[in-house]
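A look at the structure
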Amino acid sequence: MSANETLVLALPKGRILDELEPVLAKADIQPEAAFHDSRSRQLRFATNHPGLDIIRVRSFDVATFVAFGAAHLGVAGNDVIMEFDYPELYAPVDLDIGHCRLAVAEPKALVKDDDPSRWSHIRVATKYPGITRRHFAARGVQAECIKLNGAMELAPKLGLCRRIVDLVSSGKTLAANDLVEVDHIADISSRLIVNRAAFKTRPREVGDWIERFREAGDAV
Ligand code: PRP
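Analysis parameters
Residues numbered from 1 in each chain as written. Predicted model: local features only at pLDDT ≥ 70, side-chain atom pairs only at ≥ 80, totals over all residues. Heavy atoms only, no water. Near = heavy atom within 4 Å. Polar contact = N/O pair within 3.5 Å; in protein donor to acceptor, adjacent residues only side chain to side chain. Areas by Shrake-Rupley, 256 points an atom, 1.4 Å probe, with all protein chains shown as cover. 1 Å grid on protein atoms, 1.4 Å probe; cavity = no way out; pocket = protein on both sides within 12 Å on 5 of 7 lines; lining within 4 Å. Sits in = over half its atoms within 2 Å of the grid points. Helix = DSSP H or I, 4+ residues; strand = E, 2+ residues; numbered from the N terminus. Nonpolar A, V, L, I, M, F, W, Y, C, P; charged D, E, K, R; others polar. Phe/Tyr/Trp six-rings, centres within 6.5 Å; stacked < 30°, edge-to-face > 60°. Buried < 20%, exposed > 50% of the residue type's maximum accessible area, 1.4 Å probe, protein only. Contact = heavy atoms within 4.5 Å. Core = buried A, V, L, I, M, F, W, Y, C linked by side-chain atoms within 4.5 Å. Salt bridge = Lys/Arg side-chain N within 4 Å of Asp/Glu carboxyl O. Pairing = 2+ DSSP bridges. Axes fitted to C-alpha atoms, helices over the stretch in contact; angles between N-to-C directions. Arc of directions from axis to C-beta. UniProt positions renumbered as here; feature names shortened; annotations may be inferred.

The local shell around the ligand holds 13 residues, among which R15, K127, S170, G171 and T173 are the closest. A distance of 2.8 Å is found between an oxygen atom of the ligand and a backbone nitrogen or oxygen belonging to S169. A distance of 2.4 Å separates an oxygen atom of the ligand from a polar atom in the side chain of T173. Against a free-state accessible area of 490 Å², the protein chains account for coverage of 69% of the ligand. When each cavity is represented as a set of grid points, the ligand is found to reside in the largest pocket. If you tally residues by element for the shell around the ligand, the top one is strand β9 (residues 163-168), at three residues. Grouping the constituent residues of the shell around the ligand by class yields three nonpolar, five polar and five charged.

Structural data, given as structure tokens:
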């Protein structure tokens, strides 16, 4: 990580980008035009700041790029931050966007005879095996996790498992798949994440971006 290397900000793809746009604008970060072109295959983008580039990657990969110092800063939900629990990551600013929750859901038909406080073992499909195991271990429940990367909501109907652990925002995806939320694991929002070594070696520049994001998060 050299002192005059361009700083790289890793941003997640997907729905969160709509909420992130005003934060970027308030932080005075204007990506080059291709960033807004959904057909573009470009992955790295210049900004109005010669010392700052943006990369656009999958949400889980934001944490990995930043933890390994390939990107210096990033935006990630605390779901992703908690799942990896990388010691190299520091999350100084809650951007107050991307609000949702991580929850256990199961088919409607199962709910009336089920009591989450009596679970001793559960089998779930999830993108979050780390958080799920830790959360249930703390309650003395053994969680067996089947790792999926998306479309978890299909798993109960197709007999993969009875329950899922997934993000819930509007609740529409659960409802459309006859699932009901039965247990809450964590409230989620998006944070600015920073590579600790980058902050240590370039405190002025990295600190300046942290302050800009803090002000932008407060103003949005
Ligand atoms: C997330 C999540 C749920 C859905 C919840 O998926 O995994 O499937 O959003 O949102 P809702 O409560 O508003 O319906 P996303 O659309 O981000 O895609 P993914 O499955 O590829 O992660």
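Having seen the model, we can carry on.
Once that is clear, we can look at the packing of aromatic side chains. Each aromatic ring pair is summarised here by two numbers: the centre-to-centre distance and the angle between the ring planes. A complete count under the given rule lists seven aromatic pairs for this structure. Aromatic side chains F35 and F45 sit 5.2 Å apart centroid to centroid with 85° between the ring planes, which places their arrangement in the edge-to-face category. Of this pair, F35 sits in the loop between α1 (16-26) and β2 (44-46) while F45 is found in strand β2, placing the two residues ten residues apart along the sequence. Take F35 and F45: they sit in the same class, and that class is buried.

Turning our eyes to something else, we now look at the side chain of T126. Looking at the secondary structure, you find T126 in strand β7 (residues 121-126). Excluding its chain neighbours within four sequence positions, the residues that come into contact with T126 are T132, C145, I146, K147, L148, M152 and V165.

Moving on: the nonpolar core. Counting 32 residues, the largest nonpolar core has F136 and I185 as its most contacted members. Take this core: its biggest share by element is five residues, from helix α2 (residues 59-67). When sequence neighbours within four positions are dropped, the list of residues in contact with I185 reads L102, A103, V104, I131, H135, F136 and V165. Formed by 28 residues, the second largest nonpolar core is a distinct cluster that contains L7, L24, I54 and V194.

What follows covers the pattern of salt bridges. Applying the stated criterion across every chain, the model contains 14 salt bridges. Between D94 and R191 there is a salt bridge whose closest N-O contact spans 3.8 Å. Here the residue D94 occupies a position in strand β5 (residues 89-94), and R191 occupies one in strand β11 (residues 190-195), the gap between them amounting to 97 residues. Since its relative accessible area comes to 21%, R191 is described here as partly exposed. Note that D113 is salt-bridged to K112, the shortest N-O span being 3.5 Å. According to the relative accessible area criterion, K112 is exposed, its value standing at 72%. Overlapping salt bridges, with partners in common, bring together D28, D208 and R212 in one network.

If you trace the five strands from one edge of the open sheet to the other, you get β8-β7-β9-β6-β10, paired in mixed fashion. Edge positions in the open sheet fall to β8 (142-147) and β10 (179-188), since each of these has one partner strand only. Between one strand axis and the next, the sheet turns by 30° as a mean value, whatever way the strands run. Sheet topology places β7 next to β9; three bridges connect them, and they run parallel. Looking across to β9, one finds that A125 is bridged to I164. Along the sheet, helix α5 (residues 129-137) makes contact with β6 (100-107), β7, β8, β9 and β10, crossing β8 at roughly 170°.

This part covers α1. Of the positions making up α1, those classed as buried are I16, L17, L20, V23 and L24. Each buried residue of α1 sits inside an arc of 110° when the element is viewed along its axis, so together they form one side. The outward face of α1, more than 90 degrees from its buried face, is lined by the exposed residues D18, A25 and K26. Downstream of α1 by one or two residues, D28 has phi in the positive range, about 60°.

What follows deals with the UniProt feature "domain: ATP phosphoribosyltransferase catalytic" (unreviewed entry) in the protein. UniProt tags residues 58-214 as "domain: ATP phosphoribosyltransferase catalytic" (unreviewed entry). Split by type, residues 58-214 is 33% helix and 34% strand. Its first and last C-alpha atoms lie 23 Å apart.

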